[in-house]
Amino acid sequence: MTSHARVRTRVRRALAWGFAACAVLTPGSAGAVTSGVTHSMPASSTVAHAAPSTAGVPSGRHGDAFGASATGHATAAARPTLALADVTPTVAAPDTDVTVRVTVRNTTDDVATPTVSVGVGGRLATREDVARHASRPDDLPERARTTGTALAPDATATVAVTLPAEQLRLPRPYGVLPLTVSVSGLGPTGRMATFLPYQVIKEYEPLRLGVALPLTADPDPALLTGDAQARTQAWTRMLGPDSRAERTVRAAEATGATLVADPSLLGASPAATDATATPTPTPSPTPAETDPRTAFAARVAETGNDVWFLPPGDPDVSALASAAPTLPRPPVTPTTVPGTDRAALSVAWPAGSSTSRIRSAITDASSPGAVLMRESLSDADTERTGTASRRDDAGRRIVVADDRLSTDLTEVTEETAPAIAQRALADSVALLAESPGLDRSFLLLPERGLDPDTAGIVQVVRTLQAAPWISGVPTKDIVAAPATREPVTDPGTSPEAPASPLTGENVGEVLATAGLASGLRPSIGDGLIPPMSNRC
């Protein structure tokens, strides 16, 4: 190998490792290393959540609404399929009939007539009971059935089954009953789970519900390595009218949700707090008059929604704090929404593990208004879900998101929204029953990288907000509420997220090689190697 070839090889390796190292180790960067995978832009969680129900909903995000077969798995060819159209009313009351409507499809090769039946079980006591029935519906006593009209092959029809009030036993004061919907006559019997929440009398303190949606960057290397035109095109793809970011803003606008935003997406690139702070490898500047972030910032401002700001660039603060005993001071997070005088809360959102040491390092470096955590990573009592607003043993403000209900917003599509909304209602009433006499709040916050179906999210959130045991509130009310001293556990690193290979020795070697690559820019050209100031 010639000396020039060896240099080119080292340059390629430096670029591959240098971007990962700078992204993880430099506050304000736009990168993360999680679960052994290098991402060139935003931090992402390493937390593995319990798999949500696939009964009655497709396994993929962009499928239709047709659901589980008799075995509970995805429906195969020549098996009938069914999907929930709606349950009316969504919350039952005494002496009131309930109608369950489902859409069925004849996937056989013959004309066939469907018969739909609904079984009703006894009151479910816990959130685990709800999850168990959702994942594999039980055989339940049949309470009503309806025979539909003949269907040609691959034809669909909506069949309504009415449950008479006298067939529904609603134990006081409130609760949720499991329903199993079955279709026969179209081949093997198909089955799906749904739920019937109910209220007989109000004997509880309503749950206060806040909703927040993540607004973070897509991984696009052009933002770091491209010229001005390529960067503008990358921002346009990320923030344009058909983008994931725009759909997130539309969903927030329709539901009143708070946006948990990387300020870099709004063109905010504040200076570091002091001269000794580590430089921020933000993408190279784009002229303001052509910068799509300017228009997007105005779009966010006009919604009037509250905004919580992450550190600029949304660095993986958990990985940073794990790699060093102290964090360098990050750039200043904006205190107002750009273009307005509306205050914006600064938050830290560690991806994955958030032990007391990590929270301490984050708080010492940046003093966020709150640290966001997951319920599955913070609740010591697995049988009782704590309230959203807390303080840990050191007095730090912690805001805890509910994993299970948040996952519903990640999964939902417009087609599956009726089934997921009914399941979310069932989960919420089981959540209420854990501590009905306490004033509690809960927060919905899907993971970073949310690719939202706006209509689906709106239907689920509005269904929850309309429940009699839920009071929808702005997230700022949750943060401002008196924080409880509920225990916040210290989770270990998830087995799926191995320790970072970026040790001090490795980092030094990466930076030295990256410096060599930067020195070669005059000979190789600006298109291949971005300046060191853009990376480290």
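Residues numbered from 1 in each chain as written. Predicted model: local features only at pLDDT ≥ 70, side-chain atom pairs only at ≥ 80, totals over all residues. Heavy atoms only, no water.

**Comments concerning the overall build of the protein chain**
Next up, step 1: Counting its regular elements, the protein chain contains 15 helices and 18 strands.
Next up, step 2: A total of 536 residues make up the protein chain; the buried ones form 54% of that total.
Next up, step 3: Within the protein chain, counting contacts between residues at least 6 apart in sequence, those at least 24 apart form 78% of the total.
Next up, step 4: Carbon together with sulfur atoms contributes 53% to the accessible area of the protein chain, which is approximately 21900 Å² in total. (Helix = DSSP H or I, 4+ residues; strand = E, 2+ residues; numbered from the N terminus. Buried < 20%, exposed > 50% of the residue type's maximum accessible area, 1.4 Å probe, protein only. Contact = heavy atoms within 4.5 Å. Areas by Shrake-Rupley, 256 points an atom, 1.4 Å probe, with all protein chains shown as cover.)

**Re the packing of aromatic side chains**
Next up, step 1: Enumeration according to the criterion identifies one aromatic pair in this entry.
Next up, step 2: Judged by centre distance (5.4 Å) and plane angle (85°), the rings of Tyr174 and Tyr204 are edge-to-face. Taken together, the residues Tyr174 in strand β8 (residues 174–184) and Tyr204 in the loop between β9 (190–199) and β10 (207–215) connect sequence positions 30 residues apart.
Next up, step 3: With a relative accessible area of 4%, Tyr174 lands in the buried category.
Next up, step 4: Above the face of the Tyr174 ring, Arg123 is positioned so that its terminal group lies 6.0 Å from the ring centre. (Phe/Tyr/Trp six-rings, centres within 6.5 Å; stacked < 30°, edge-to-face > 60°. Lys NZ or Arg CZ within 6 Å of the ring centre and 35° of its normal.)

**Remarks on the sheet that holds strand β6 (residues 142–147)**
Backbone-to-backbone hydrogen bonds pair the strands of a sheet. The strands run either parallel or antiparallel.
Next up, step 1: As summarised here, the arrangement of the four strands in space is β6-β5-β8-β9, forming an open sheet in which the pairing is antiparallel. Sheet topology places β6 and β9 at the edges, where each strand pairs with a single neighbour. When strand polarity is set aside, the average angle formed by the axes of neighbouring strands in this sheet is 20°.
Next up, step 2: Relative to β9, β8 runs antiparallel, the two being bridged by ten bridges. Looking across to β9, one finds that Ser182 is bridged to Arg191.
Next up, step 3: Of the strands in this sheet, β8 and β9 touch helix α2 (residues 127–135), which is tilted by about 150° from β9.
Next up, step 4: On the sheet, helix α11 (residues 417–434) packs against β8 and β9 and is oriented at approximately 45° with respect to β9. (Pairing = 2+ DSSP bridges. Axes fitted to C-alpha atoms, helices over the stretch in contact; angles between N-to-C directions.)

**With respect to the nonpolar core**
Next up, step 1: Core analysis: the largest hydrophobic core is formed by 60 residues, its most contacted members being Leu215 and Trp469.
Next up, step 2: Here this core takes ten residues from α11, the largest share from any one element.
Next up, step 3: Discounting residues that sit within four places of it in the chain, Trp469 has contacts with Val91, Pro197, Tyr198, Gln199, Tyr204, Pro206, Leu207, Leu425, Ser428, Val429 and Leu432.
Next up, step 4: Counting 28 residues, the second-largest nonpolar core is a separate cluster that includes Val104, Val118, Val161 and Leu177. (Core = buried A, V, L, I, M, F, W, Y, C linked by side-chain atoms within 4.5 Å.)

**Observations concerning helix α6 (residues 292–303)**
Next up, step 1: A rise of 1.5 Å per residue sets the reference length of α6, with its twelve residues, at 16 Å; its end C-alpha atoms lie 17 Å apart and thus fit the reference within 8%.
Next up, step 2: Looking at the buried positions of α6, the neighbouring elements they touch are β10, α4 (228–239), α5 (244–255), β11 (258–261) and β12 (307–309). (Expected span 1.5 Å × (residues − 1).)

**Quick look at unusual backbone geometry**
Next up, step 1: With an omega of -5°, the peptide bond between Thr88 and Pro89 qualifies as cis.
Next up, step 2: Residue Pro173 is reached from Arg172 by a cis peptide bond, and omega for that bond is -5°.
Next up, step 3: Mapped onto the secondary structure, Pro173 falls in the loop between β7 (156–163) and β8.
Next up, step 4: The residue Asp154 is not glycine, and still its phi comes out positive at about 70°.
Next up, step 5: Looking at the element boundaries, Asp154 is found in the loop between β6 and β7.
Next up, step 6: Within the chain, Asp314 stands out as a residue other than glycine whose phi angle is a positive 50°.
Next up, step 7: The residue Asp314 is located in the loop between β12 and α7 (317–323) in this model.

**Considerations on the side chain of Thr385**
Next up, step 1: With respect to the secondary-structure elements, Thr385 resides in the loop between α9 (375–378) and β15 (389–391).
Next up, step 2: At a separation of 3.0 Å, a polar atom in the side chain of Thr385 contacts the side chain of Arg127. (Polar contact = N/O pair within 3.5 Å; in protein donor to acceptor, adjacent residues only side chain to side chain.)

**Some points on the side chain of Asn106**
Next up, step 1: Turning to its location among the elements, Asn106 is positioned in the loop between β4 (98–105) and β5 (115–120).
Next up, step 2: At 2.6 Å, the side chain of Asn106 forms a polar contact with the side chain of Thr108.
Next up, step 3: Looking at Asn106, its side chain comes within polar contact range of the main-chain oxygen of Leu151, at 3.1 Å.
Next up, step 4: If we skip the residues at most four places from it in the chain, Asn106 touches Val111, Ala112, Leu151, Ala152, Pro153, Asp154, Ala155 and Leu186.

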